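Per-entry structural report
For reference, the chains in residue letters:
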Amino acid sequence: MGYDYCSLFGNTYIKSRHMFSSLKKALFGNSNDRNIKEMAPLVDPINALEDQIALWDDPTLRAQTDVLRQKLSAGASLDELLPEAFATVREAAKRSIGQRHFDVQMMGGIVLHKGQITEMKTGEGKTLVATLAVYLNALTKRGVHVMTVNDYLAERDSQWMGQ
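Residues numbered from 1 in each chain as written. Predicted model: local features only at pLDDT ≥ 70, side-chain atom pairs only at ≥ 80, totals over all residues. Heavy atoms only, no water.

**So, the pattern of salt bridges**
Put simply, the rule reads: One side-chain nitrogen of Lys or Arg within 4 Å of one carboxyl oxygen of Asp or Glu is enough to make a salt bridge. Under the scheme used here, helices are H or I runs from DSSP no shorter than 4 residues and strands are E runs no shorter than 2 residues, and both carry numbers assigned from the N terminus. We call a residue buried when its accessible area falls under 20% of the maximum for its residue type, exposed when it is over 50%, and partly exposed in between, using a 1.4 Å probe and counting protein chains only.
Within the structure shown, the criterion is met by nine salt bridges. Two residues, aspartate 58 and arginine 95, come together in a salt bridge whose shortest N-O distance is 2.6 Å. Of this pair, aspartate 58 sits in helix α4 (residues 58–73) while arginine 95 sits in helix α5 (residues 78–97), and the two are 37 residues apart along the sequence. Between arginine 90 and aspartate 103 there is a salt bridge; the shortest N-O distance is 3.4 Å. With arginine 90 in helix α5 and aspartate 103 in helix α6 (residues 103–113), this residue pair connects regions lying 13 residues apart in the sequence. Owing to a relative accessible area of 1%, arginine 90 belongs among the buried residues under this scheme. Its relative accessible area of 33% is what places aspartate 103 among the partly exposed residues. Where salt bridges share partners, they join Glu50, Asp58, Arg90, Glu91, Lys94, Arg95, Arg100 and Asp103 into one cluster.

Dropping the structure here:
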C-alpha cells in the first residue's frame, strides 16, 4: 500500500539498523580489525627469524641481499622472500640506527608491499616502515621510488635511513 518501513514504524528502523551494525561489529570487527587479524600471522615467520639473524656478523648480514636475490632468480616470489627480507631489514635497522621494527610496523610494510596505503600518525615510524617494502622490492633490481610531499623529511630521512 505504499507504506515504507521507516514511516510505518518511526524510529524503530534506525534503532534496529544500529543494533545489527553493532552486533556485526562485535562479532566480526571493523574492516581495520579484520585486516590486522589477517596480517598478524604473516608477522610470525618474520619474528621466528629474529634470533637467528641477530647472531649473524655484519658481513653475513650484508651478504643476505645476494642470497635473497639468488632465491628470486631461482623462482621464489617476493611474497615468499618477505619474511627473510623483513627480518633482515629489522636487524640492519637495529644495528645501524638503533631502532627495531615493531610488529605493527611489519604489518605496515606488508601493506605497502601489496601496493596499498597505510595511514600512520606522526611519530609512528612511517619512514622505518617504508624501508621494509623498499628493500624487498629493490631485490628485483628494477628500482623503487619513495615519494613524500615534505621536503624537510625527505632530506632528513634519506640521510638517516641511508646509513
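Having seen the structure, we can now continue with the description.
**Quick notes on the packing of α5 against helix α7 (residues 126–138)**
Under the convention used in this document: All axes are obtained by fitting lines to C-alpha atoms, using only the stretch in contact for helices, and the reported angles, taken between N-to-C directions, cover 0 to 180 degrees. These descriptions rest on fixed angle ranges, namely under 35 degrees for roughly parallel, over 145 for roughly antiparallel, 65 to 115 for roughly perpendicular, and the rest for oblique. In this scheme, a crossing is called left-handed if the near helix is turned counterclockwise away from the far one by less than a right angle; it is called right-handed if the turn is clockwise. In what follows, a contact means two residues having at least one pair of non-hydrogen atoms within 4.5 Å. Gly counts as polar in this scheme, as do all residues outside two lists: the nonpolar Ala, Val, Leu, Ile, Met, Phe, Trp, Tyr, Cys and Pro, and the charged Asp, Glu, Lys and Arg.
The geometry of α5 relative to α7 is characterised by a closest axis approach of 9 Å and an angle of 130 degrees between their N-to-C directions. Comparing their axes, α7 and α5 come out oblique. Of the two possible hands of crossing, α5 and α7 adopt the one that is right-handed. For the pair α5 and α7, the contacting residues are Leu78, Leu81, Leu82, Ala85, Phe86, Thr88, Val89, Ala93 and Ile97 in the first and Leu128, Thr131, Leu132, Ala133, Tyr135, Leu136 and Asn137 in the second. Classifying every residue of the contact of α5 with α7 by side-chain character gives 13 nonpolar, three polar and no charged.

**A few points about α7**
Quick note on the threshold: Expected helix span is given by 1.5 Å per residue-to-residue step, counting one fewer step than there are residues.
Spanning 13 residues, α7 covers 18 Å between terminal C-alpha atoms, matching the ideal 18 Å at 1.5 Å per step. Listed in full, the buried residues belonging to α7 are Leu128, Val129, Ala130, Thr131, Leu132, Ala133, Tyr135 and Leu136.

**Describing the nonpolar core**
As a reminder, the rule being used: As used in this record, nonpolar core signifies buried Ala, Val, Leu, Ile, Met, Phe, Trp, Tyr and Cys residues forming a set joined through side-chain atoms within 4.5 Å.
Residues Phe86, Leu136 and Leu139 are the most contacted members of the largest nonpolar core, which totals 24 residues. Going through the elements one at a time, α3 (31–54), α4, α5, α6 and α7 are the ones with two or more residues in this core. The biggest single contributor to this core is α5, with seven residues. The contacts of leucine 136, once residues within four sequence positions are left out, are Leu78, Leu81, Leu82, Ala85, Phe86 and His113.

**Details of the packing of α3 against α5**
Where α3 meets α5, the axes come as close as 8 Å, and the angle between the chain directions of the two elements is 50 degrees. The angle between α3 and α5 places the two elements in the oblique class. Read as a crossing pair, α3 and α5 show a hand that is right-handed. Residues Pro45, Ile46, Asn47, Leu49, Glu50, Ile53 and Ala54 of α3 form the contact with α5, whose participating residues are Leu82, Pro83, Glu84, Phe86, Ala87, Thr88, Arg90, Glu91, Lys94 and Arg95.

**A short note on the confidence of the model for the protein**
Caution is warranted with low-pLDDT regions, since their predicted coordinates should not be read in detail. Selection rule: Values of pLDDT, ranging from 0 to 100, describe the predictor's confidence in every residue of the model.
Confidence in the prediction for the protein averages 83 pLDDT; 78% of positions are at 70 or higher. Element-level mean pLDDT values for the protein span from 49 in helix α1 (residues 5–9) up to 98 in α4. A low-confidence stretch, residues 1–7 stays under pLDDT 50, and its non-local contacts, those more than four residues away or across chains, total five contacts.

**So, α4**
To keep it simple, the criterion reads: We define the bend at any residue as the angle between the axes fitted to the seven residues before and including it, ending there, and the seven starting there.
In this model α4 runs 24 Å from its N-terminal to its C-terminal C-alpha over 16 residues, within 8% of the 22 Å that 1.5 Å per residue would give. Glutamine 64 marks where α4 bends most, by close to 30 degrees. As for α4, its buried residues are in contact with α3, α5 and α7. Among the residues trailing α4, glycine 75 stands out with phi positive, at a value near 115 degrees.

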